[in-house]
Amino acid sequence: MMGSTHVRVGVLYYIILTIVILPVISTLPLLYGIHKYGFSLFGLLVAALAAAMPDLDSQHSLINQLNPVTGVTNRIVDIVVNITGFVVKLVFTLGIAVLLFLYASQIINQLNQIQYIKPYSHVITYGAAAVLIVSGIMGESGIVSLPIIGGGYKILLSGIRKAGNFVKRSILVIVYAGSGFLIIIYNIKHSSDSILYIIGALLIAIAIFPHRSFLHSLEGLILFSYCAFYFSKRVGIPYIGNAFFIGYSSHLYLSDMFTKEGIPLSIIPGILKKIGLYERIDKVKFIRFVLQVLSIRLKIPISSTGTAAGKRIEALYVLILLIIASTIMVKYGITLNKIKVI
C-alpha cells in the first residue's frame with residue numbers, strides 16, 4: 001500500500017486497539033496494566049512513524065521523503081534528472097529541427113536524387129522540422145510516438161532515470177549504513193550497550209536488504225519493537241512500545257499482507273540462500289519442512305499497490321477504519337480535549 005495509507009491505517013488501529021482491545025487483553029496475567037496509560041497525541045505520532053518505518057529500505061518511500069537527509073538529496077536528484085530529461089527533449093526535438101533548417105538545402109538536394117520523392121523534398125524537410133517542434137512542445141508523449149527518434153529518446157531517458165534511482169539508492173545506503181557503523185563504533189568506545197549494537201545492525205540492514213524483505217518480516221518487527229520497548233522504559237514513557245508495535249505490525253499484517261505482492265513470513269530462508277547454506281541444510285527432512293514454512297509469503301491479494309483500483313481499495317479501507325474509530329471514540333466519550341499530549 002501507499003505510504004500515506006500506512007500512516008492513516010497505523011493511527012486508526014492505534015485508536016481502536018488502545019481504547020477497545022488492550023483493556024480486554026490486559027486482564028491476562030502476563031499483560032496486566034498494558035493499557036493503563038491510555039492513548040495520547042504522542043502515542044498517535046509514534047504509531048504513525050512506526051507504520052511508515054517498514055518502507056525505510058525504499059528510496060521512494062514517504063518516510064525517506066520526510067527524512068531531512070534522504071528527502072533533500074532525493075529532491076535534488078529529481079531536479080537534476082528532470083533538467084537532464086528536459087535538455088534531452090530539446091536536443092531530440094528542437095535541436096534536430098534547427099539542424100534541418102540549417103542544412104535544409106543540402107537535405108533537399110539529397111532528396112531530389114530520388115525520383116519519386118523529388119516533388120515533395122521541400123515538404124518533407126520542413127514538415128519534419130515542424131513535426132519535431134510540435135512534438136517538443138507537446139512533451140514526452142509527443143516525442144515517443146515519433147519513429148526512430150522516439151525509440152532513441154525512450155532509451156536515453158530510461159537510462160537517465162535509472163541513473164537517478166541508482167544515486168538515490170546509493171545515498172540511502174550511505175546514510176543508513178554509515179549511521180549504523182558510527183553507532184557501533186561509538187558504542188565500542190564509550191558505552192558497550194547491547195541495544196545500541198542492535199540499532200546499528202538494524203540501520204545497516206535497512207541499507208543492504210531489498211524492499212519488502214527484512215523490514216517486512218517477523219524478525220524485523222520483533223527487533224525494531226524490542227528497541228522501541230527498551231527506549232520506552234529508558235525515557236519513562238511505557239506506552240511508546242505499545243504504540244510502536246501497533247503501528248509497525250499494522251503495516252505488515254493489516255496492510256501489505258492484503259496486496260498481491262504480500263510479505264515474507266521470515267527472512268531466514270532468504271539469508272540462508274544468499275550465503276549458500278540453504279541447499280546444504282535442506283537435505284535434512286525436518287529442517288526442510290521448517291524452511292518451507294518460513295518461506296511462505298503471507299498474502300491475501302485484494303489490492304495492488306500504485307494502481308487506480310488499488311488506491312480506491314485503500315481509500316475505502318481507511319474510510320471504514322475511520323468510521324469504526326470515530327464510533328468508538330464517541331461511544332467511550334473520548335473527545336479531542338480529553339486526549340493527553342504525552
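Here the structure is a predicted model, which means the values were calculated and not measured.

1. Re the overall build of the protein
Within the protein one finds 15 helices and 2 strands. Against the 2.2 N^0.38 benchmark of 20 Å for 342 residues, the protein shows a C-alpha radius of gyration of 28 Å, more extended than a compact globule. Projected onto its principal axes, the C-alpha coordinates of the protein cover approximately 95 × 55 × 45 Å. When the 342 residues of the protein are sorted by exposure, 42% land in the buried category. Considering only contacts in the protein between residues 6 or more positions apart, those separated by 24 or more positions represent 72%. For the protein, the accessible surface area stands at approximately 19300 Å², while carbon and sulfur atoms represent 73% of it.

2. As for the packing of aromatic side chains
In this structure the tally under the stated criterion is 7 aromatic pairs. For the pair F92 and Y153, a centre-to-centre distance of 5.9 Å together with 65 degrees between the ring planes defines the contact as edge-to-face. Remark: Y153 occurs in helix 8 (residues 149-191) and F92 occurs in helix 4 (residues 68-102); sequence separation between them is 61 residues. We classify Y153 as buried; its relative accessible area is 3%. Put simply, the rings of F224, F244 and Y248 pair up and form one aromatic cluster. Between K273 and the ring centre of Y278, over which it is positioned, the NZ or CZ distance is 4.9 Å.

3. Focus on the environment of I267
Residue placement: I267 occurs in the loop between strand 1 (263-264) and helix 12 (268-274). Those residues in contact with I267, other than ones at most four positions away along the chain, are F209, S213, F214, S217 and E219.

4. Quick look at the layout of surface pockets
Volume-wise, the largest pocket comes out at about 480 Å³. The residue makeup of the lining of the largest pocket, split by class, is 17 nonpolar, 1 polar and no charged. The space that makes up the second largest pocket amounts to roughly 280 Å³. Looking at the second largest pocket, it is lined by 17 residues, and the ones nearest its centre are M1, M2, G3, D55 and S61. Those elements that place two or more of their residues in the lining of the second largest pocket are helix 1 (3-25) and helix 3 (62-66). Grouping the amino acids of the lining of the second largest pocket by side-chain chemistry returns 3 nonpolar, 11 polar and 3 charged.

5. Some points on the nonpolar core
Membership of the largest hydrophobic core comes to 56 residues, with the highest contact counts inside it found for Y14, F214, F224, F244 and Y248. The set of elements that each furnish at least two residues to this core consists of helix 1, helix 2 (41-52), helix 8, helix 9 (194-208), helix 10 (218-234), helix 11 (239-253) and helix 15 (308-331). Not counting chain neighbours up to four residues away, the residues in contact with F214 comprise L202, A205, F209, E219, G220, L223, F224 and I267. Membership of the second largest hydrophobic core comes to 10 residues, among which are V77, Y153, L157 and I160.

6. Description of the pattern of salt bridges
Pairing between side chains of opposite charge can happen when the charged atoms of each approach one another. Tallying each qualifying case throughout the model produces 5 salt bridges. Residue D78 pairs with K168 through a salt bridge whose shortest N-O separation is 2.5 Å. Residue D78 is located in helix 4, and its partner K168 is located in helix 8; the two are separated by 90 residues in the primary sequence. R234 is paired through a salt bridge with D193; the nearest N and O atoms lie 3.7 Å apart. Here the residue R234 occupies a position in helix 10, and D193 occupies one in the loop between helix 8 and helix 9, the gap between them amounting to 41 residues. Salt bridges here are not isolated pairs; linked through shared partners, they connect R212, D256 and E261.

7. Notes on a nonpolar patch on the surface
Together, L316, L319, I320, L322, I323 and I324 line one region of the surface with nonpolar side chains, adding up to about 530 Å² of accessible area. Position of L322 relative to the elements: it lies in helix 15. The class for L322 is partly exposed, based on a relative accessible area of 42%.

8. Focus: the confidence of the model for the protein
Summing up the model confidence of the protein, the mean pLDDT is 87 and the portion of residues at 70 or higher is 94%. Below a pLDDT of 50 lies the segment residues 29-33, which in the model reaches 4 contacts outside its immediate sequence neighbourhood of four places, other chains included.

9. A closer look at the packing of helix 4 against helix 6 (residues 121-138)
Between helix 4 and helix 6, the least distance of the axes is 8 Å, while the angle of their chain directions is 155 degrees. Relative to helix 6, the element helix 4 is oriented roughly antiparallel. As for how helix 4 packs across helix 6, the hand of that crossing is left-handed. Within the contact between the two elements, helix 4 uses K89, F92, T93, L94, I96, A97, L100 and F101 and helix 6 uses T125, Y126, A128, A129, L132, I133, S135 and G136. Residue classes in the contact of helix 4 with helix 6 are distributed as 11 nonpolar, 4 polar and 1 charged.

10. Some remarks on the packing of helix 4 against helix 5 (residues 104-112)
The angle between the axes and the distance between the axes are what describe a pair of packed helices. It is the contact of helix 4 with helix 5, at a shortest axis distance of 5 Å, that shows an interaxial angle of 75 degrees. Between helix 4 and helix 5, the angle falls in the class roughly perpendicular. Across from L100, F101 and L102 in helix 4, the residues of helix 5 making contact are A104, Q106 and I107.

Definitions and cut-offs
- Residues numbered from 1 in each chain as written.
- Predicted model: local features only at pLDDT ≥ 70, side-chain atom pairs only at ≥ 80, totals over all residues.
- Heavy atoms only, no water.
- Helix = DSSP H or I, 4+ residues; strand = E, 2+ residues; numbered from the N terminus.
- Rg over C-alpha atoms; globule rule 2.2 N^0.38 Å.
- Buried < 20%, exposed > 50% of the residue type's maximum accessible area, 1.4 Å probe, protein only.
- Contact = heavy atoms within 4.5 Å.
- Areas by Shrake-Rupley, 256 points an atom, 1.4 Å probe, with all protein chains shown as cover.
- Phe/Tyr/Trp six-rings, centres within 6.5 Å; stacked < 30°, edge-to-face > 60°.
- Lys NZ or Arg CZ within 6 Å of the ring centre and 35° of its normal.
- 1 Å grid on protein atoms, 1.4 Å probe; cavity = no way out; pocket = protein on both sides within 12 Å on 5 of 7 lines; lining within 4 Å.
- Points joined across faces, edges and corners; volume = space filled by probe spheres on them.
- Nonpolar A, V, L, I, M, F, W, Y, C, P; charged D, E, K, R; others polar.
- Core = buried A, V, L, I, M, F, W, Y, C linked by side-chain atoms within 4.5 Å.
- Salt bridge = Lys/Arg side-chain N within 4 Å of Asp/Glu carboxyl O.
- Patch = residues over 30% accessible without salt bridge, like charges linked within 9 Å, V, L, I, M, F, W, Y side chains within 5 Å.
- pLDDT = per-residue confidence, 0-100.
- Axes fitted to C-alpha atoms, helices over the stretch in contact; angles between N-to-C directions.
- Parallel < 35°, antiparallel > 145°, perpendicular 65-115°, else oblique.
- Left-handed = near helix turned anticlockwise from the far one by under 90°.

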